[in-house]
Structures are given as C-alpha cells and as structure tokens.
Amino acid sequence: MKHVPAHYDGTKVVLDEPIALPVNTPLEVVVPDFPEESTQLREGTFLASLPVLTRIWTNSADAEYDKL
C-alpha cells in the first residue's frame, strides 16, 4: 500500500507527486471530514504498519546497518 498526497482542484483529484500505476489499477480515495482527520489517518496508517515494518527490518541480514 502506498500513501500518495493529492488534492481536489475543483473538478478532479490530482496527485501531488508522480506514481507509476498500471492502467485501470483500482484505487480507494479517503476524504477526511476535518483537517485533523488527515493527520490522524496518516499517523494511524503508520502505526498499523509498524509491526510489519519491524519484522521486515529486524533481521540478521540488516544488522550491519544498525552499526551506522
């Protein structure tokens, strides 16, 4: 899953940074009701990802990076 910042220009949703996607890739757009919800959503998504990220990056093959 990727988080891609975007905005509504009055007509359509416009991505704020380029992303390569195959044609007809299904997407889901979440529109916060309040500005604070955008921050909460971003933080919540990060926190939900932490266990998987920790498992991926905590391994002996990456131990050399811990010394940097």
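In this text the structure is predicted, and so the values were computed from the model without any measurement.

## Here's the deal with the overall build of the protein chain
In step 1: A count of helices and strands for the protein chain gives two helices and two strands.
In step 2: Ordered by position from N to C terminus, the α and β elements of the protein chain give β-β-α-α.
In step 3: Expected size for 68 residues packed as a compact globule is a radius of gyration near 11 Å; at 17 Å, the protein chain overshoots this value by more than 25%.
In step 4: A total of 68 residues make up the protein chain; the buried ones form 1% of that total.
In step 5: For the protein chain, the accessible surface area stands at approximately 6,500 Å², while carbon and sulfur atoms represent 61% of it.

## Considerations on the confidence of the model for the protein chain
In step 1: Within the protein chain, residue pLDDT values average 85, and 99% of them lie at 70 or more.
In step 2: Averaged pLDDT values over the elements of the protein chain bottom out at 71 in helix α2 (residues 63-66) and peak at 93 in strand β2 (residues 13-15).

## As for the pattern of salt bridges
Should their charged atoms come close, side chains of opposite charge can pair.
In step 1: Tallied over the full model, the rule gives one salt bridge.
In step 2: One salt bridge connects K12 with D9, and the closest N-O pair in it is separated by 3.3 Å.
In step 3: For K12, a relative accessible area of 48% corresponds to the partly exposed category.

## Notes on the environment of D16
In step 1: Structurally, D16 can be placed in the loop between β2 and α1 (35-57).
In step 2: Put simply, D16 and L27 are eleven residues apart on the chain and 15 Å apart in space, counted from C-alpha to C-alpha.
In step 3: When neighbours within four sequence positions are excluded, D16 is seen to be in contact with P5, A6 and H7.
In step 4: Separated by 2.5 Å, the side chains of D16 and H7 make a polar contact.

Cut-offs used in this document
- Along each chain, numbering runs from 1 in the same order as the chain's sequence is written.
- A pLDDT threshold of at least 70 governs which residues receive local features in this predicted model, and a stricter bar of 80 or more applies before side-chain atom pairs are shown or counted, although totals over entire chains, interfaces and linings include all residues.
- Hydrogens are left out, water is left out, and the side-chain values use all remaining heavy atoms of the structure.
- Starting at the N terminus, helices and strands are each numbered in turn, a helix being any DSSP run of H or I of at least four residues and a strand any DSSP run of E of at least two.
- Every radius of gyration here is taken over C-alpha atoms, with the globule rule written as 2.2 Å times N^0.38, N being the number of residues.
- Here's how the labels work: a residue is buried when its accessible area is under 20% of the maximum for its type, exposed when over 50%, partly exposed in between, all with a 1.4 Å probe on protein chains only.
- Here the Shrake-Rupley method, with its probe set to 1.4 Å, supplies the accessible areas, and only the displayed protein chains count as covering residues.
- The predictor's confidence in any single residue is recorded as pLDDT, a number from 0 to 100.
- Here, a salt bridge means any side-chain nitrogen of Lys or Arg that lies within 4 Å of a carboxyl oxygen of Asp or Glu.
- Residue contacts follow a heavy-atom distance rule, with two residues in contact if any of their heavy atoms lie within 4.5 Å.
- Polar contact is defined as a pair of N or O atoms within 3.5 Å, subject to the rule that within protein one atom must be able to donate a hydrogen and the other to accept it, and that residues adjacent in sequence are counted only when both atoms are side-chain atoms.

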